[in-house]
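Summary of structural features
This is what each chain is made of:
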Amino acid sequence: MNNQRYILFLALACLCIFFPHLGLLEVNIMEARNFITAREMLEHGNWIHTTMNLEPRYEKPPLPTWLTALSGAAFGMTNHFALRLPAALASVFLIFTLYRFAIQLFQEKKQSFIAALILSSSFYIVFSGRNGQWDIFTHSFMTYAIYQLYLAFQSGEKAWKNWILAGVFLGFSFMSKGPVSLFALFLPFLIAYGITFKYKNFNKKIGYLLVFLAVFALVGLSWGFYIYLTDLGTAESIANKEANSWANRSVKPFYHYWSFFVQSGIWTFFSFLALMYPMMIKRVENKKNYLFSLLWTLSSVILLSMVPEKKERYLLPVLIPMALNTSFYLSYIINNAKQLTKLDIYLSRFGFGLIALIGLVAPFGIYTVFNGEFGPYFAYFALTSVSLFTLGILILKWLRSAKYEYCFYGIIFFICSIILFAFPLVELTYNNEEYQSASNIRKIQETRNLDIYSMDSILPPELIYDLGEPIKRVRILKDLPEDRKFTFMTYDSIPDSLDVMFEAQFVTRFNINNWKIGSGRHQIRNTSNVFVLEKKQ
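So, a few notes on the structure that sits alongside this text. (Residues numbered from 1 in each chain as written. Predicted model: local features only at pLDDT ≥ 70, side-chain atom pairs only at ≥ 80, totals over all residues. Heavy atoms only, no water.)

1. Notes on the side chain of Ser385
Take Ser385: it is sitting in helix H18 (residues 378-400). Using a relative accessible area of 12% as the deciding quantity, one classes Ser385 as buried. (Helix = DSSP H or I, 4+ residues; strand = E, 2+ residues; numbered from the N terminus. Buried < 20%, exposed > 50% of the residue type's maximum accessible area, 1.4 Å probe, protein only.)

2. A look at the pattern of salt bridges
One pass over the full model with this rule turns up 13 salt bridges. Ionic pairing is found between Glu309 and Lys311, a salt bridge with its closest N-O pair at 3.7 Å. By relative accessible area, Lys311 is classed as partly exposed at 26%. (Salt bridge = Lys/Arg side-chain N within 4 Å of Asp/Glu carboxyl O.)

3. Considerations on a negative patch on the surface
A cluster of acidic side chains, namely Asp496, Asp499, Glu503 and Glu534, defines a negative patch on the protein surface. Among the secondary structure elements, Glu503 is positioned in strand S6 (residues 502-511). (Patch = residues over 30% accessible without salt bridge, like charges linked within 9 Å, V, L, I, M, F, W, Y side chains within 5 Å. Areas by Shrake-Rupley, 256 points an atom, 1.4 Å probe, with all protein chains shown as cover. Lys, Arg positive; Asp, Glu negative; His and termini not counted. Charge placed at Lys NZ, Arg CZ, Asp CG, Glu CD.)

4. Re empty space enclosed by the protein
Evaluation of the coordinates by the stated rule reveals two cavities of 30 Å³ or more. The computed volume of the largest cavity comes to approximately 40 Å³. Forming the boundary of the largest cavity are Thr37, Thr50, Arg57, Lys60, Pro61, Pro62, Thr65 and Trp134. Along the lines of polarity and charge, the residues of the lining of the largest cavity split into three nonpolar, three polar and two charged. (1 Å grid on protein atoms, 1.4 Å probe; cavity = no way out; pocket = protein on both sides within 12 Å on 5 of 7 lines; lining within 4 Å. Points joined across faces, edges and corners; volume = space filled by probe spheres on them. Nonpolar A, V, L, I, M, F, W, Y, C, P; charged D, E, K, R; others polar.)

5. Here we look at the packing of aromatic side chains
Taken as a whole, this structure holds 64 aromatic pairs when the rule is applied. Between Phe113 and Tyr409, the aromatic rings sit 6.1 Å apart at their centres with planes inclined by 50 degrees, giving tilted as the arrangement. A residue pair is termed long-range when its members are at least 10 positions apart, and Phe113 in helix H5 (residues 109-120) and Tyr409 in helix H19 (residues 404-422) qualify at 296 residues. Assessed through its relative accessible area of 12%, Tyr409 is described here as buried. (Phe/Tyr/Trp six-rings, centres within 6.5 Å; stacked < 30°, edge-to-face > 60°.)

6. Considerations on the sheet that holds strand S7 (residues 527-535)
Pairing within the open sheet is mixed, and its five strands lie in the order S4-S3-S5-S7-S6. The open sheet terminates on both sides in strands that have one partner only, identified here as strand S4 (472-473) and S6. With nine bridges joining them, S6 and S7 adopt antiparallel strand pairing. Bridging from a neighbouring strand, Thr508 pairs with Val530 of S7. (Pairing = 2+ DSSP bridges.)

7. Re the nonpolar core
By size, the foremost hydrophobic cluster in this structure holds 126 residues, and its most contacted members are Phe189, Tyr329, Phe352 and Phe408. Once residues within four sequence positions are removed from consideration, Phe352 is found in contact with Phe270, Leu330, Ile333, Ile395, Leu399, Tyr404, Cys407, Phe408 and Ile411. By size, the runner-up hydrophobic cluster in this structure holds 23 residues, among which are Met41, Leu83, Leu463 and Ile471. (Core = buried A, V, L, I, M, F, W, Y, C linked by side-chain atoms within 4.5 Å. Contact = heavy atoms within 4.5 Å.)

8. Focus on the packing of helix H4 (residues 80-106) against helix H7 (residues 135-154)
Axis separation between H4 and H7 bottoms out at 9 Å; the angle between their running directions is 25 degrees. In terms of their interaxial angle, H4 and H7 are classed as roughly parallel. The hand of the H4/H7 crossing is left-handed. Of the residues in H7, those touching H4 at Pro86, Ala87, Ala90, Ser91, Phe93, Leu94, Thr97, Arg100, Phe101, Gln104 and Leu105 are Ile136, Phe137, His139, Ser140, Phe141, Thr143, Tyr144, Ile146, Tyr147, Tyr150 and Leu151. Broken down by class, the residue content of the contact of H4 with H7 amounts to 15 nonpolar, six polar and one charged. (Axes fitted to C-alpha atoms, helices over the stretch in contact; angles between N-to-C directions. Parallel < 35°, antiparallel > 145°, perpendicular 65-115°, else oblique. Left-handed = near helix turned anticlockwise from the far one by under 90°.)

9. Comments concerning the side chain of Ser91
Inspection of the secondary structure puts Ser91 in helix H4. For Ser91, a relative accessible area of 0% puts it in the buried group. A polar contact of 3.0 Å, which involves the side chain of Ser91, links it to the backbone oxygen of Ala87. Discounting chain neighbours no more than four positions away, the residues touching Ser91 are Phe18, Gly129, Ile136 and Ser140. (Polar contact = N/O pair within 3.5 Å; in protein donor to acceptor, adjacent residues only side chain to side chain.)

10. Here we look at the environment of Asn46
Looking at the secondary structure, you find Asn46 in the loop between helix H2 (29-44) and strand S1 (51-52). Classification of Asn46 as buried rests on a relative accessible area of 17%. Along the sequence, Asn46 and Ser264 sit 218 residues apart, while their C-alpha atoms lie 37 Å from each other. Leave out the neighbours within four places in its chain, and Asn46 touches Glu40, Met41, Thr51 and Leu54. A polar atom in the side chain of Asn46 sits 2.9 Å from the side chain of Thr51.

11. Some points on the pairing of strand S5 (residues 486-490)
Looking down a regular strand, the side chains alternate between one sheet face and the other. With respect to burial, S5 is a largely interior element, five of its five residues being buried. By the alternation rule, side chains of S5 split into Phe486, Phe488 and Thr490 and Thr487 and Met489, which are all buried. Across two bridges, the pairing between strand S3 (residues 452-454) and S5 is parallel. Directly across from Tyr453, in S5, lies its bridge partner Phe488.

12. Looking at the environment of Gln154
Mapping Gln154 onto the fold places it in helix H7. You can call Gln154 partly exposed: its relative accessible area is 42%. Taking the C-alpha atoms as reference points, Gln154 and Trp267, 113 residues apart in sequence, are found 31 Å from one another. Residues in contact with Gln154, not counting those within four places in the same chain, are Tyr193 and Lys205.

13. Regarding H4
Across its 27 residues, H4 extends 39 Å between first and last C-alpha, which sits within 8% of the 39 Å expected from 1.5 Å per residue. Of all 27 residues in H4, 20 are buried; the element is thus mostly enclosed. Positive backbone phi, at 55 degrees, marks Gln107, one or two positions downstream of H4. (Expected span 1.5 Å × (residues − 1).)

14. Points about the layout of surface pockets
Which parts of space are left empty comes out when a probe the size of a water molecule is rolled across the atoms. Reported here for the second largest pocket is a volume of approximately 1,000 Å³. Lining the second largest pocket we find 48 residues, and of these Leu25, Glu26, Val27, Glu31 and Arg84 sit closest to its centre. Here the residues of the lining of the second largest pocket sort into 21 nonpolar, 16 polar and eleven charged.

15. A word on unusual backbone geometry
Its identity as a non-glycine residue notwithstanding, Gln107 has a phi of 55 degrees, on the positive side. Position of Gln107 among the secondary structure elements: in the loop between H4 and H5. Residue classification places Gln107 among the exposed positions, given a relative accessible area of 62%. With a phi close to 65 degrees, Lys198 is a non-glycine residue in the positive phi region. Classification of Lys198 by relative accessible area gives partly exposed; the value is 47%.

In structure tokens form, the structure reads like this:
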């Protein structure tokens, strides 16, 4: 397969994985925060002094929010597909960047193609690429910066273009989520590169390095510097709160990330095998490149483990070098299919066979979960069943004839089939008959023209996003209007302190949960009672 076919196939895989049914799922808490900020950029002009519910939100730099706001302006701020589209495009950018990087690293297009496909179908890459969160942006831009920096390190000639591009995209990464990717992806790369390839003739590149750092500072630090100049008090308060959160929120032990390879999802087994240095070093031809990808992966995990706050989504950057690392084992069994040891045959059959088995039982499992009641979604169930069952049979057939390359591509089709056909079945789980969108507030006669207030200490971002406008959040009674009626939203009943001062008329209850109470996924905070209050005479 030539390079053009690799690119075409990679593009088709990305098209199937990241874009179908992109607007289907409900907006989660992280997305809601980001989408509200994007909306307020468009509606209130808060492009620099970013806000959420019209309150300062400087925790996250604004580059991904700018991109999301532009997409929302083009296609609509209530269009979930449009709001998630920039993240999906950032994922595609990441996949093709890794492909180009791997070509330079491996000097072999086929393994580079395999690595890019592994990354495109790894669980948390798929999740992040279909989600309006900012992690995918910072790590995509950082990967491109690392790619350009690698070219600059390897070049024996003047490489101004590579150094400048590396600085620009390092800045873009910082403008997406601050220093997160610097610590989780860039520093591990520097460690792995230094150990494996050394920094040869680095003294001759000091001038280029200074330019690289200057470009990074100009692109990446300008927004933060401006915020500190123009709103120092708020910026310091938010920075202190963020630092405290990193040290005290979601604190887990050092070894919490030791099962990091499971975040690759369908590649878990092969990713685990590729981490086995004593086994792999006997099987790979380019031992230096394998050592580099292994050290990069492990360095990232170790550094992330040192941070007290730990969440599974923070492992996203680890999947990037791990895709390179996993490609070594899969390339080995594909290229040496007829000469594999018995151990490798058993391991390959287990890894691919397990996925084939999932494909064979999936139709029966899905049918059982939904009790055979698919309604208008029966076509999706049928397509899911036929595609996964067929792929299961084909993978087993290819295994018998040691066609491991076909098995590998079969898994890619497996993932694509799930996204294309099975994903819409999630709507069958929506069972909340009391669902009512908060966006209906202006359709209700009693609240149509009234300002909206709340005294709840923490307002759920999902509810504010769904409402479609800011809620005036007050902390003390005297901040509530006394000269006119107003809408009041609260989780529970009217507080006694308010009941003394105001006449309260219950209007309705918003419930934006797709799942009913007791289903395990219902969140009480995504509900709100709505009252109209008026000062007692």
